[in-house]
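What follows is the residue order along each chain.
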Amino acid sequence: MTSLDAGPVTMLVPDFPFSYDHWLDHPAGLGTLPAERAGTPVAVVGGGVAGMTAAYELLRLGLRPVVYEAAELGGRLRSVPFPGNPASIAEMGAMRFPMSARALFHYIDLLGLRTRPFPNPLAKDTPLTVIDLNGHREWAGTGDDLPGLYQEAGEAWEKALHERAELMTMRGAIQRRDITTLKAVWNRLVHEYDDQSFHGFLASSPGFQSFRHRELFGQVGFGTGGWDTDFPNSVLEILRVVFTDADENQVRIVGGAQQVPRLLWTHQPDTMAHWPRGTSLASLHDGTPRPGVTAMHRRGESIEITDESGETRTFPAVVFTPHVWTLLTRIDCDHDLLDTPQWTAVERTHYMGASKLFVLTDRPFWHDIDPSTGRPVMGMTLTDRLNRGIYLFDDGPGNPGVMCLSYTWNDDSAKVSTLTPAQRLKVFLARLADVYPGVDITSHIVGDPITVTWENEPLFMGAFKANLPGQYRYQRRLFTQFMQRGLDPRRRGFFLCGDDISWTAGFAEGAVSTALNAVWGVLDHLGGRTPPGNPGPGDEFSALAPVDLSP
């Protein structure tokens, strides 16, 4: 179980360090089913990246996935083209993907999608970053260009990670896939920090005794930018991101992230059991998923699903991918779908809010040089004003530009949630006029803005899950729900997955990995087996299981 060969940092999440990328890439495949199970219908609720991953792999195993989707394929991989300029995309949901997400990139590579560096603050491919705090602006190409106070905050963060969270040990163990070391250190950290908030971790670190350092770090952060909206959350949530390099080396998908689930829908696998060559998920559905689910009930050892058309079907297994809150409010469910501790975990799930506003511009004018300073007129911007994060996307010469004029979370998202798109745009432009006096952004905007507030989206009710201090036990219940061996047959067959079930919510890798857990669960439930040389996540569960904090 311990490899001594160092490799790149991956999203080998320490709670359950199963190598999903190795499982996917193994030439023996994921498993085989009994011959009599070939073509068995299995329901997949939700057509986001988790649903499409699960459905695609179930198809390859020789099952017949029946996909239910209440809106459009994609979920929170929502890429909205600008009217009249379909090649220009506003990424309303997930828009940046760490290269350490190797299970996700298995599918990105399979589908032949291209990527480009994401313009995060101070990233090597971001030409200019502007930090606007307390009315003062700093212009920087790299972190080394920032004043001493910023350097001190960055150094304090690195020191806290090394001295209090064993960063080098954890990173090295991930690179080597050294499970023994990884589990030993992480399990101790879980015991130590389960009740600690991110802000509490900072405030109790020697380098952050100054409130000014904590305030500055919260606004600016490092890697993907400001982190103060995460301050109330468990510090374990942050450590997972840092250990797995999830906030660094990020890329965007050329043409939009929504292509991943959409292309999995139409992709024809080269190898699959039972189905003839040329079969795809789309062909099994005559091109269109079933409508959204309105009810789910256990019927003996099967699960009955009713959809928005009123049609009812019964399945031996169901993979459920939407936000778990929809089980409480949007779908008529039997209590017996989950046990009582799992329902408690569903109730206690905490979602972050998030809002975005995008505009199309006639060209990427931000590259224009200000003759008085010799600098570009604008850069990727972090600010304590209402906009918070401003991102600039250049798709090459002769193409329009795309600006994300505001990306905000939680309280900052709530501040604009009742405003119309036009009202939001007016407010954001007014704030930016103070940051960039003399830059006429309005004259370059083409058409109307595109906006989203995820907590107002009825099928989502939030952007992504983030555990609060003390919620590790709840997360463990949801993540381990796919392990159903030994249960009464009348309690089996319903499998949760999606990034909110994962240990890395908000990352598509978490959606993919938990979808693969559900695939293993369905395979096992229907009497199938993984190849001897390629065990799945359930086969290795006892050795890799998340530490149990239950009394």
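Being a predicted model, the structure only gives us computed values, none of them experimental.

1. Considering unusual backbone geometry
Thinking step 1. Not every positive phi belongs to a glycine, and R177 is a case in point at roughly 55°.
Thinking step 2. Structurally, R177 can be placed in the loop between α5 (167–176) and α6 (179–193).
Thinking step 3. Residue classification places R177 among the buried residues on the basis of a relative accessible area of 16%.

2. Things to note about the pairing of strand β19 (residues 401–409)
Thinking step 1. Taken across its nine residues, β19 has nine buried, putting it largely inside the fold.
Thinking step 2. What sits between strand β18 (residues 389–394) and β19 in their antiparallel hairpin is a turn of six residues, with G396 showing a positive phi close to 105°.

3. Details of the packing of aromatic side chains
Thinking step 1. Here the structure, examined in full by the defined rule, presents 33 aromatic pairs.
Thinking step 2. Residues W157 and W227 carry aromatic rings whose centres are separated by 5.7 Å and whose planes lie at 85° to one another, so their mutual orientation is edge-to-face. Of this pair, W157 sits in helix α4 (residues 148–165) while W227 sits in the loop between α8 (211–220) and α9 (235–243); the two residues are 70 residues apart in sequence, bridging distant segments of the chain.
Thinking step 3. W227 gets classed as buried once you look at its relative accessible area, which sits at 6%.
Thinking step 4. An angle of 85° between the planes, with centres 5.0 Å apart, marks the rings of W454 and F460 as edge-to-face. As far as burial versus exposure is concerned, W454 and F460 are alike and both buried.
Thinking step 5. Three or more aromatic residues joined by ring pairs make a cluster, and in this case those are F16, F18, Y20, W23, Y472, F479, F482, W503, W520 and F541.
Thinking step 6. Above the face of the Y407 ring, K356 is positioned so that its terminal group lies 4.6 Å from the ring centre.
Thinking step 7. R375 extends its terminal NZ or CZ atom over the ring of W139, reaching a point 4.0 Å from the ring centre.

4. Quick look at the sheet that holds strand β7 (residues 129–133)
Thinking step 1. Pairing is mixed across the open sheet formed by seven strands, whose spatial order is β8-β7-β17-β18-β19-β16-β20. If you trace the sheet from one side to the other, it starts and ends with β8 (136–140) and β20 (445–453), each paired once. Direction aside, neighbouring strands of the sheet carry axes that sit 15° apart on average.
Thinking step 2. Here strand β16 (residues 354–361) runs beside β19; their pairing, made up of eight bridges, is antiparallel. By the bridge assignment, L360 is partnered in β19 with V402.

Basis of the calculations
Residues numbered from 1 in each chain as written. Predicted model: local features only at pLDDT ≥ 70, side-chain atom pairs only at ≥ 80, totals over all residues. Heavy atoms only, no water. Helix = DSSP H or I, 4+ residues; strand = E, 2+ residues; numbered from the N terminus. Buried < 20%, exposed > 50% of the residue type's maximum accessible area, 1.4 Å probe, protein only. Pairing = 2+ DSSP bridges. Phe/Tyr/Trp six-rings, centres within 6.5 Å; stacked < 30°, edge-to-face > 60°. Lys NZ or Arg CZ within 6 Å of the ring centre and 35° of its normal. Axes fitted to C-alpha atoms, helices over the stretch in contact; angles between N-to-C directions.

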